[in-house]
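One-letter residues, chain by chain:
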Amino acid sequence: MGFFKKLFSGKQKESLDSGLEKSRTNVFQKLARVFTGKRKVDESLLEELEEALISADVGVDTTMKVLDRMRRRARFEAFVEVEELYQMLRDEIAGLFSEGARDSESTTYQLPGATPDFPTVIMVVGVNGVGKTTTIGKLAYRFKSEGHSVLLGAADTFRAAAIEQLEVWAGRAGVPIISQHMGADPAAVAFDTLQAAVSRKSDVVIIDTAGRLHNKSGLMEELTKIRRVMDKVVPGAPHEVLLVLDGSTGQNAVEQAKQFAQATDVSGLVLTKLDGTAKGGVVLAISDQLHIPVRFIGVGEKMEDLQDFHVLEFIDSLLPENFSDGMASVTES
């Protein structure tokens, strides 16, 4: 059906393929049980496929959309080989997501809100333990590598460790950081950071925030205060609010995203830790169910392993072109 385009460089695609190895193996273990011995698309096969996709963290709603597409197509096409059944599944998943794929012709993240007088301001949110600080460090490294001047703001002042960890990542990325003592007013830290960025003519500011549980109203009030203060220094700030989610938590990440989206204006998502989990199918569920674009995915420990997200490249790595290639990952594991 011609959905797939090789938009990533060879190195990027190799990193993506490697990072999704556990998820790919998990998916193919389930598909092997469904497709073995099958010769046509009937309700029995679709029921088995439904169970397989849901257990691979693709999600109920997304799975049902894919199966409906397969059901409609099966009315007009006969399938007699496993490879044909697999290609049908792959095509219909790709078809579903290609209809709403963001920036289908480009995978490069474009900094929003930049002007000659003011920096782009990115506020990063998420609960503790999802990889928020690591993500900020990798983003800083990326933007600096692209030639931008970057300034970090340590507005998570509720944990001394949070400030120290961000300082370590600032050092690794080679960018300056504005911080205060533990217990300082987070909004004051954000205010000072933006003032420093305007004075230094920085291109990008990344503000860390506290990672307490999303169901605590105090956190959301705090985020609102930080936004209000930043807007006074840089009109329209923050230009991007990135919610960091731990991909290894599967469907819990979907629910967490829904809760955060209800409480604050999240404009983009970052899915981390996909290299260490077999739950990569959750990225498809998040892409389909939430009206928030996935900006980046983490597929490894290296600085370069925080990649731009492109849904068709992702599907191509999760579901290789040939069923036999995917099955090889099962036999090798």
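For the structure, see preceding data.
Rules used in this analysis
- Residues numbered from 1 in each chain as written.
- Predicted model: local features only at pLDDT ≥ 70, side-chain atom pairs only at ≥ 80, totals over all residues.
- Heavy atoms only, no water.
- Phe/Tyr/Trp six-rings, centres within 6.5 Å; stacked < 30°, edge-to-face > 60°.
- Lys NZ or Arg CZ within 6 Å of the ring centre and 35° of its normal.
- 1 Å grid on protein atoms, 1.4 Å probe; cavity = no way out; pocket = protein on both sides within 12 Å on 5 of 7 lines; lining within 4 Å.
- Points joined across faces, edges and corners; volume = space filled by probe spheres on them.
- Nonpolar A, V, L, I, M, F, W, Y, C, P; charged D, E, K, R; others polar.
- Helix = DSSP H or I, 4+ residues; strand = E, 2+ residues; numbered from the N terminus.
- Core = buried A, V, L, I, M, F, W, Y, C linked by side-chain atoms within 4.5 Å.
- Buried < 20%, exposed > 50% of the residue type's maximum accessible area, 1.4 Å probe, protein only.
- Contact = heavy atoms within 4.5 Å.
- Pairing = 2+ DSSP bridges.
- Axes fitted to C-alpha atoms, helices over the stretch in contact; angles between N-to-C directions.
- Arc of directions from axis to C-beta.

A. A look at the packing of aromatic side chains. Taken as a whole, this structure holds seven aromatic pairs when the rule is applied. By way of ring pairs, the aromatic residues F28, F35, Y86 and F323 are connected into one cluster. Geometry around W169 places R172 over its ring, the cationic atom sitting 4.5 Å from the centre.

B. Quick look at empty space enclosed by the protein. Taken as a whole, this structure holds two cavities of 30 Å³ or more when the rule is applied. In this model, the largest cavity occupies a volume close to 50 Å³. Lining the largest cavity, in full, are V27, L53, V58, L89, I93, L284, L318 and L319. Each residue belonging to the lining of the largest cavity can be placed in one class, and the counts come to eight nonpolar, no polar and no charged.

C. Quick look at the layout of surface pockets. Quantified by volume, the largest pocket comes out at close to 460 Å³. If you trace the largest pocket, you find 23 residues lining it, with Q12, S15, E304, D305 and Q307 closest to the centre. Going through the elements one at a time, α1 (10-19), α6 (132-145) and β8 (306-308) are the ones with two or more residues in the lining of the largest pocket. Here the lining of the largest pocket gets six residues from one element, more than from any other, and that element is α1. Among the residues making up the lining of the largest pocket, the classes are represented as five nonpolar, eight polar and ten charged.

D. A look at the nonpolar core. Counting 104 residues, the largest nonpolar core has I206, L269 and I286 as the members making the most contacts within it. Considering every element that reaches this core, the biggest residue donor is helix α5 (residues 82-98), with eight residues. Leave out the neighbours within four places in its chain, and L269 touches L242, L243, L245, I286, L290, I292, P293, V294, R295 and F296.

E. Structural detail: the sheet that holds strand β2 (residues 150-154). Reading across the sheet, the eight strands line up as β3-β2-β4-β1-β5-β6-β7-β8 and stay open at both edges, with mixed pairing between neighbours. Strand pairing shows two members of the sheet lacking a second neighbour, β3 (177-178) and β8, which therefore form its edges. Note: strand β6 (residues 268-272) against strand β7 (residues 294-298), three bridges, orientation parallel. Bridging across to β7, L269 finds its partner in V294. Of the strands in this sheet, β1 (120-125), β2, β4 (204-208), β5 (240-246), β6, β7 and β8 are in contact with α6, which crosses β4 at around 175 degrees. Running over the sheet, helix α10 (residues 251-263) touches β1 and β5 and is turned about 155 degrees from β5.

F. Local environment of unusual backbone geometry. With an omega of -5 degrees, the peptide bond between A237 and P238 qualifies as cis. In this model, D57 sits at a positive phi of 70 degrees, which is unusual for a non-glycine residue. A positive phi is found at K273, a non-glycine position, where the angle reads about 60 degrees.

G. Molecular detail of α1. Regarding α1, the residues found buried are K13, S15, L16 and G19. Burial along α1 is one-sided: seen end-on, the buried residues are contained in an arc of 160 degrees. The exposed set on the far side of α1, more than 90 degrees from its buried face, consists of G10, K11 and E14. If you follow the buried residues of α1, they end up packed against α2 (21-35), β7, β8 and α12 (311-318).

H. Examining the pairing of β4 more closely. Burial of β4 is extensive: five of the five residues sit out of reach of the surface. Of the two faces of β4, the one holding V204, I206 and D208 and the one holding V205 and I207 are both buried throughout. Pairing geometry for β1 and β4, over five bridges, is parallel. Within the sheet, the bridge partner assigned to T120 lies in β4 and is V204. Here five bridges tie β2 to β4, and the two strands are oriented parallel to one another. The residue of β4 that forms the bridge with V150 is V204.

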